[in-house]
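Read off the chains here:
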Amino acid sequence: MIMSAYQNKVLRIDCTKQETRTEPLNMEFAEKYVGSKGLAIRYMYEDMKPGIDPLGPENNLYLTTGPMTGTPIPCSGKLSVAAKSPATGTMNDCSIGGHAGIRLKFAGYDMVVFEGQMDKPTYIVIEDDKISFHDAADLWGKTSHEAEKALIEEYGTEFSCLSIGPAGENLNNISCINSDYYRQAGRGGIGAVMGSKKIKAILIKGTQGVKVPNIKETTDRILEIFHENCLSEDNEFVFDEGTYAFLEACNDGGILPAHNFSAATDVNWDKYNGAVMKKYRLGKRGCGSCGLGCGNFMKVGDAIVEGPEYETTAASGPQCDIVSIEHNVRFNQVVDDLGMDSISAGVTVAWAMEMAEKGIHDFGVHFGNEEEMINILYDMAYRRGEGAELADGVKVASEKWGGTDFAMHSKGLEFPQYEPRGSFGMAASYAVSDRGACHMRSYTANEEVFEASCPPYTHEGKGQVLYDLGEFNAIKFSCCLCDLWGTVDYAIMAELLTLITGKEWTEEDMSTVGRRVLNIGRAFNQREGFTREHDTVPERLFKDPLKGGPADGQVMTKEGFQDMLSQYYEIMGWDENGCLPQELIDTL
Amino acid sequence: MATKRLKFKKALCIGCQLCSQVCSAYKEGEYIPSKARIAIETCYDDGSLKYIDNYCILCGMCMKACPFDAIDMDNGWIHVDPEKCKGCGLCAKKCPKHVVQIRDKFAYICDTCEGDPNCVKACPHGALTFE
């Protein structure tokens, strides 16, 4: 059946020939994967041959909305940005905020696929059914913010701009895509995929609508759920502080990483927390269709940014022994402008600082030195001097220079800011995540530390925790709903999908789709040659007892870690090698 | 009793555009902000956060500008008479908030949902009020 709320249209942009074509959405895929994350991975699995070069013309870049995009369902405005990752070699789906998602849907598309590569810098304009290619020679070499400013001045604020900075142009593994200046598809070198296609920017404007059945009754019910559930007390922290709220929770719980994941607490955390942020906040901002509004637009000295998020604060502050909210903001502004992922950039610099401290190699950055840290970001983005050695993240750098034991990544994606020795499940979460170390798959820290619903310093029972959380986020991000609507559940998702698509969805369907999305991600990676031996975390977690905080002295065992993987594989129906059997692949 | 009007406090606005999505749902039968009778957005410009706050303030300029006497505010909200309106667009030109839309030879103007505006119900943090 053709479901409502979809546009039933996929736009394919052939960059090589500079031609476009449209096709109906594959409704069978939509019924099996709903939208956004799941739908993007299923299309990638269908479209792309295994073994292709992530920076070659055969890698596609997918912008994918979901059925909820463009409706007033709260927190439904994020856009999936997906491709094979140059950093990990796995599939990689990112989620970008801002307004590009709703505008793409209003332009009339469920998905846009960028295929092939152009031979010279170009920007692409999508305005409803008009698609045009434009020379970007003057923009190439400019920062992401400079490019967005120039293009929005020319085209107007009714357009959303997705752009890359020099890091993406220079094909860095830690490059990102920006939109609305301060929102990112951040991880896995997704900016380099756009850069490899010579796309400096994508402008999107839409004037069309999204149709759903019984729209007045449907909207009445959406607004009821919005007020009763989304705007409830549990989610108030989002508007109040945004993800700054995690700083206290992580520090108190012993999982705030410091000194390149040597310690998990910072006695100075309250010098750069949410209370301090509020002194410098100029305004609040959310994404299209948001309703919560996590964004804190702030200015400290001459540093301006919407952010920094918890991740960026931790990666640029305690990880590098720097106590300064102005530095956190400046770091955030600079990496955004250069088009680099703040998590990967921060973790990479922290690793380089430890390399110097240990006397292995001096990249010119040292713990506690703000100026050196900011300066090397430019050298990383432009691949200059020692910065060039760090431009592709800690995996590439440590394989050349040593220090692999404390190069904090899984599969080439740097760790997010949750210390696994204070939350054992996070180690397995990073290891089995479909795109390398990511906290947005199975966020076990919530159960092990914040909610304390299971003990943190053990491997026992973690496979099930990992699975339940992973399944939930897999369907949530396929709807696509923002992570920060923390109180949404399967009953609400199923009710909303039923209301807007005109097809009956049940809570059991949410579980089934979530599981299927986990499987298609793994199947993509399996086809690329990934098995159990790639589900790893660095040796530091097994060798170095954690210093300070509630998890002081904690260290993990390899046996316990492997047992978590085995538990998880068994629940997923994968074999001991972490592989899907053929009969399971056949159901995808 | 004084006429109730839409009021906007930008410090509480997150730029989510739920107001225009919900407006279009009830007025146009689809989620289509480009046809909504309210357009509140935020954007960044030169390092500052800008607010675009286009909504009906019931100033009556459209009514005064109408050469066909098609617009009245008798009930405390705008009413456009479909028999009289020719879609000439003079009201749109005079509207200081740029929220009159001329389509298919008719002027579409906010009627505050006849004194019970749905946009206000969709506004998450009280940036839009009706008072």
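Just so it is clear, the model here is predicted, and its values are computed rather than measured.

### A closer look at the overall build of chain B
Alright, step 1. When you go through chain B residue by residue, the secondary structure sums to five helices and eight strands.
Alright, step 2. In terms of overall size, chain B behaves like a compact globule, its C-alpha atoms giving a radius of gyration of 15 Å where 131 residues would be expected to give roughly 14 Å.
Alright, step 3. Overall, the C-alpha framework of chain B stretches about 45 × 35 × 25 Å when taken along its three principal axes.
Alright, step 4. Within the span of chain B, comprising 131 residues, buried residues form 40% of the whole.

### What about the overall build of chain A?
Alright, step 1. What chain A contains, in helices and strands, is 24 helices and 17 strands.
Alright, step 2. Projected onto the principal axes, the alpha-carbon positions of chain A cover approximately 60 × 55 × 50 Å.
Alright, step 3. For chain A, restricting intrachain contacts to residue pairs at least 6 apart in sequence, the fraction spanning at least 24 positions comes to 70%.

### Details of helix H17 (residues 425-432) of chain A
Alright, step 1. Counting buried residues in H17 of chain A gives eight out of eight residues, a clear majority hidden from the surface.
Alright, step 2. Taken together, the buried positions of H17 of chain A are occupied by Gly 425, Met 426, Ala 427, Ala 428, Ser 429, Tyr 430, Ala 431 and Val 432 of chain A.

### Remarks on the pairing of strand E3 (residues 48-54) of chain B
All names here are of chain B.
Alright, step 1. Here strand E2 (residues 39-45) pairs with E3 via seven bridges, running antiparallel. Bridge pairing links Tyr 44 to Leu 49 in E3.
Alright, step 2. From the end of E2 to the start of E3, which pair antiparallel, there are two residues, and Asp 46 there has a positive phi angle of about 50°.

### Describing the sheet that holds strand E14 (residues 295-300) of chain A
All names here are of chain A.
Alright, step 1. Spatial ordering of the open sheet is given by E13-E14-E15, a layout of three strands whose pairing is antiparallel. Of all the strands in the sheet, the pair left with one neighbour each is strand E13 (281-285) and strand E15 (303-306). Strand-to-strand twist in this sheet, taken as the mean axis angle between neighbours without regard to direction, amounts to 10°.
Alright, step 2. Bridge analysis of E13 against E14 gives four bridges, and the strand direction is antiparallel.

### Section: the interface of chain B and chain A
Alright, step 1. If you look at the interface, chain B gives 24 residues, while chain A gives 29 residues.
Alright, step 2. Elements with a contribution of two residues or more to the side of chain B that touches chain A: helix H1 (18-28), E2 and helix H5 (118-122) of chain B.
Alright, step 3. Examining the composition of the side of chain B that touches chain A, we find that six residues originate from one element, H1 of chain B, more than from any other.
Alright, step 4. The residue makeup of the side of chain B that touches chain A, split by class, is 13 nonpolar, nine polar and two charged.

### Re the confidence of the model for chain B
Alright, step 1. Of all residues in chain B, 99% attain a pLDDT of 70 or more, and the chain-wide mean is 96.
Alright, step 2. For this predicted complex, the interface score ipTM comes out at 0.97, alongside a pTM of 0.98.

### A closer look at the sheet that holds strand E7 (residues 122-127) of chain A
Residues and elements named next belong to chain A.
Alright, step 1. Taken in spatial order, the six strands make up an open sheet running E8-E7-E12-E9-E10-E11, and their pairing is mixed. For this open sheet the edge positions go to strand E8 (130-135) and strand E11 (183-185), each flanked by a neighbour on one side alone. Here the average twist between neighbouring strands, direction ignored, is 20°.
Alright, step 2. Its contacts with the sheet place helix H4 (residues 144-155) against E7, strand E9 (160-163), strand E10 (177-179) and strand E12 (199-205), and it is angled at close to 150° to E9.

### With respect to the packing of helix H19 (residues 462-479) of chain A against helix H21 (residues 507-527) of chain A
All names here are of chain A.
Alright, step 1. Between H19 and H21, the least distance of the axes is 7 Å, while the angle of their chain directions is 95°. When the axis of H19 is compared with that of H21, the two are roughly perpendicular. Residues Gly 470, Glu 471, Phe 472, Ala 474, Ile 475 and Ser 478 of H19 lie in contact with H21, whose contacting residues are Met 510, Ser 511, Val 513, Gly 514, Arg 515, Val 517 and Leu 518.
Alright, step 2. Of the residues assigned to the contact of H19 with H21, the class counts are seven nonpolar, four polar and two charged.

### Here's the deal with the packing of helix H13 (residues 342-357) of chain A against helix H16 (residues 393-401) of chain A
Residue and element names in this part refer to chain A.
Alright, step 1. Contact pair H13 / H16: the axes reach a minimum separation of 9 Å and the direction vectors enclose 25°. Classified by the angle their axes make, H13 and H16 are roughly parallel. Judged by residue contacts, Ser 344, Val 347, Thr 348, Trp 351 and Met 355 of H13 engage Gly 393, Val 394, Ala 397 and Trp 401 from H16.
Alright, step 2. Looking at the contact of H13 with H16, its residues break down into six nonpolar, three polar and no charged.

### Brief notes about H13 of chain A
Residues and elements named next belong to chain A.
Alright, step 1. The first and last C-alpha atoms of H13 sit 22 Å apart over 16 residues, in line with the 22 Å expected at 1.5 Å per residue.
Alright, step 2. Most of H13 is tucked away: 14 of the 16 residues are buried.
Alright, step 3. Looking at the residues trailing H13, positive phi occurs at Gly 359, about 75°.

### Some details on the nonpolar core
What tends to happen in soluble globular proteins is that the nonpolar side chains get buried as a cluster.
Alright, step 1. Within the largest apolar cluster, 228 residues are counted, with the highest numbers of intra-cluster contacts made by Tyr 62, Val 112, Ala 201, Met 340 and Ala 427 of chain A together with Cys 19 of chain B.
Alright, step 2. Per-element tally for this core: the top contributor is H13 of chain A, with nine residues.
Alright, step 3. If near-sequence neighbours (up to four positions away) are discounted, Ala 201 of chain A is found in contact with Tyr 123, Ala 136, Leu 139, Ala 147, Leu 151, Cys 161, Leu 162 and Ser 163 of chain A.

### What to know about unusual backbone geometry
Alright, step 1. A cis geometry characterises the amide bond from Gly 307 of chain A onward to Pro 308 of chain A, with omega recorded as -10°.
Alright, step 2. Of note, the amide linkage connecting Cys 479 of chain A to Cys 480 of chain A takes the cis form, showing an omega dihedral of 5°.
Alright, step 3. Checked against the element boundaries, Cys 480 of chain A lands in the loop between H19 and helix H20 (490-501).
Alright, step 4. The phi dihedral of Gln 17 of chain B is positive, around 65°, even though this residue is not glycine.
Alright, step 5. With respect to the helices and strands, Gln 17 of chain B occurs in the loop between strand E1 (6-8) and H1.
Alright, step 6. Residue Gln 17 of chain B is classed as buried on the basis of its C-beta count, with 26 C-beta atoms lying within 10 Å.
Alright, step 7. Located in the positive-phi region is Leu 58 of chain B, a residue other than glycine, with phi close to 55°.
Alright, step 8. As for its placement among the helices and strands, Leu 58 of chain B is situated in the loop between E3 and helix H2 (61-65).
Alright, step 9. Owing to 18 C-beta atoms within 10 Å, Leu 58 of chain B belongs among the partly exposed residues under this scheme.

### Observations concerning the environment of Ser 262 of chain A
Residue and element names in this part refer to chain A.
Alright, step 1. Its location among the elements puts Ser 262 in the loop between helix H9 (245-253) and helix H10 (274-280).
Alright, step 2. Sequence separation of Ser 262 and Gly 548 is 286 residues, and the distance between their C-alpha atoms is 9.2 Å.
Alright, step 3. In this structure Ser 262 touches Asp 544 and Lys 547, once residues within four positions along its chain are discounted.

Calculation criteria
- Residues numbered from 1 in each chain as written.
- Chains lettered and ligands numbered in written order.
- Predicted model: local features only at pLDDT ≥ 70, side-chain atom pairs only at ≥ 80, totals over all residues.
- Helix = DSSP H or I, 4+ residues; strand = E, 2+ residues; numbered from the N terminus.
- Rg over C-alpha atoms; globule rule 2.2 N^0.38 Å.
- Buried ≥ 20, exposed ≤ 12 C-beta atoms within 10 Å, placed from the backbone.
- Contact = placed C-beta atoms within 7 Å.
- Pairing = 2+ DSSP bridges.
- Axes fitted to C-alpha atoms, helices over the stretch in contact; angles between N-to-C directions.
- Nonpolar A, V, L, I, M, F, W, Y, C, P; charged D, E, K, R; others polar.
- pLDDT = per-residue confidence, 0-100.
- Parallel < 35°, antiparallel > 145°, perpendicular 65-115°, else oblique.
- Expected span 1.5 Å × (residues − 1).
- Core = buried A, V, L, I, M, F, W, Y, C linked by C-beta atoms within 7 Å.

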